[in-house]
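Below are the chains, spelled out letter by letter.
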Amino acid sequence: MDRGVFLDRDGVINELVYYAEHGVIDSPFTTKQFRLIPGVCEAINEFHELGFKVVIVSNQPGMAKGYLTQETFARLRKKMSGDLAKEGASFDREYYCFHHPEAKVKRLKVNCECRKPRPGLLLQAAKDLDVDLSQSWMIGDGLTDVQAGKSAGCRTILLGKMKCELCHLMDEQDAHPDFIAPNLLEAANLVKSQKTQRTKATQQTK
Ligand SMILES: [Mg+2]
Ligand SMILES: [Zn+2]
């Protein structure tokens, strides 16, 4: 069986966009707004080097809410893979949940098993890619990522510069990550150091 690193997309791979006119921070909805976060390619390549499959698991309710067309979403994916490829990085697979319980688009108004914090996307990926979830990581910038990762049985890393406003939410939602890191590259270093420690530990017990 393989090991996986599951990655949220917005705020992990690409920068979030601040829509001042609506006062919200959200996903990019045009290719112009889509910008990779520095260090992301290097981090993905590092995960691959460590022997992990690298998989996106992302909620994308934009279509359900009527902000995004299928065509634009496809263009955003193409932009992402093109930008990654420039530095030799790629994903093994991408999984998206397009549903939303309050969707305007009827066929997407589903209370599904795949929308994080539920672990559906990770479970599906593990099945498709023969990944051992207990040897895998979920990395995201939201507590729903931590919750999904934990429910799937993965170790979790929360990205961001945390202040403890979030700590009581972690308590409330039982969503304490195993680690916190400022960005994906630092998370990759963390995973690497954990892997080395584990290898050492196994060698010692032999
Ligand atoms: Mg996110
Ligand atoms: Zn879904």
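Residues numbered from 1 in each chain as written. Chains lettered and ligands numbered in written order. Predicted model: local features only at pLDDT ≥ 70, side-chain atom pairs only at ≥ 80, totals over all residues. Heavy atoms only, no water.

Thoughts on the packing of aromatic side chains
Between two aromatic rings, the relevant description is the distance of the centres plus the angle of the planes.
And step 1. Counting across every chain of the model gives seven aromatic pairs.
And step 2. Between Phe47 and Phe52, the aromatic rings sit 6.5 Å apart at their centres with planes inclined by 90°, giving edge-to-face as the arrangement. Pair check on accessibility: Phe47 and Phe52 agree, each one buried.
And step 3. Through successive ring pairs, a cluster of aromatic residues spans Tyr19, Phe29 and Tyr67. (Phe/Tyr/Trp six-rings, centres within 6.5 Å; stacked < 30°, edge-to-face > 60°. Buried < 20%, exposed > 50% of the residue type's maximum accessible area, 1.4 Å probe, protein only.)

Looking at the coordination of the magnesium ion (ligand 1)
And step 1. For the magnesium ion (ligand 1), the full set of protein donor atoms is Asp8 (OD), Asp10 (O) and Asp141 (OD), and the range of their distances to it is 2.1 to 2.3 Å.
And step 2. Positions of the donor residues of the magnesium ion (ligand 1), expressed as sequence spacing, correspond to D-x1-D-x130-D. Neither residue differs from the other here; Asp8 and Asp10 are each classed as buried. (Donors = N, O, S within 2.8 Å, 3.2 Å for Na, K, Ca; no water.)

Here's the deal with the coordination of the zinc ion (ligand 2)
And step 1. Coordination of the zinc ion (ligand 2) by the protein comes from Cys97 (SG), His99 (ND1), Cys112 (SG) and Cys114 (SG), over a distance range of 2.0 to 2.3 Å.
And step 2. For the zinc ion (ligand 2), the four donor atoms are set out with angles of 98 to 119° between them, so the coordination reads as tetrahedral. (Tetrahedral: all angles 85-135°; square planar, octahedral: opposite > 155°, others 65-115°.)

Here's the deal with the side chain of Asn59
And step 1. For Asn59, the location among the structural elements is in strand S4 (residues 52-59).
And step 2. The class of Asn59 is buried, set by a relative accessible area of 16%.
And step 3. Within the structure, the side chain of Asn59 is placed 3.0 Å from the backbone nitrogen of Lys116, a separation counted as a polar contact.
And step 4. Dropping the residues within four chain positions of it, Asn59 is found in contact with Cys97, Cys114, Arg115 and Lys116. (Helix = DSSP H or I, 4+ residues; strand = E, 2+ residues; numbered from the N terminus. Polar contact = N/O pair within 3.5 Å; in protein donor to acceptor, adjacent residues only side chain to side chain. Contact = heavy atoms within 4.5 Å.)

Details of a nonpolar patch on the surface
And step 1. A cluster of nonpolar side chains, Leu16, Tyr18 and Ile25, forms an exposed patch at the surface whose accessible area comes to about 340 Å².
And step 2. As for its position among the elements, Ile25 is in strand S3 (residues 24-26). (Patch = residues over 30% accessible without salt bridge, like charges linked within 9 Å, V, L, I, M, F, W, Y side chains within 5 Å. Areas by Shrake-Rupley, 256 points an atom, 1.4 Å probe, with all protein chains shown as cover. Salt bridge = Lys/Arg side-chain N within 4 Å of Asp/Glu carboxyl O.)

Quick notes on the side chain of Asp83
And step 1. Relative to the helices and strands, Asp83 resides in helix H2 (residues 70-85).
And step 2. By relative accessible area, Asp83 is classed as buried at 14%.
And step 3. A polar atom in the side chain of Asp83 sits 2.9 Å from the side chain of Lys79.
And step 4. If we ignore the near neighbours within four places in the chain, the residues touching Asp83 are Phe34, Leu36 and Cys41.

Details of the sheet that holds strand S5 (residues 93-97)
And step 1. Reading across from one edge, S5-S4-S1-S6-S7-S8 is the order of the six strands in this open sheet, with parallel pairing throughout. Each end of this open sheet is capped by a strand with a single partner; those strands are S5 and strand S8 (179-181). Strand-to-strand twist in this sheet, taken as the mean axis angle between neighbours without regard to direction, amounts to 20°.
And step 2. Where strand S7 (residues 155-159) lies against S8, three bridges are found, and the strand directions are parallel. Note on S8: the bridge partner recorded for Leu159 is Ala181.
And step 3. Contacting strand S1 (3-7), S4 and strand S6 (137-140), helix H1 (residues 40-49) runs over the sheet at an angle of about 130° to S4. (Pairing = 2+ DSSP bridges. Axes fitted to C-alpha atoms, helices over the stretch in contact; angles between N-to-C directions.)

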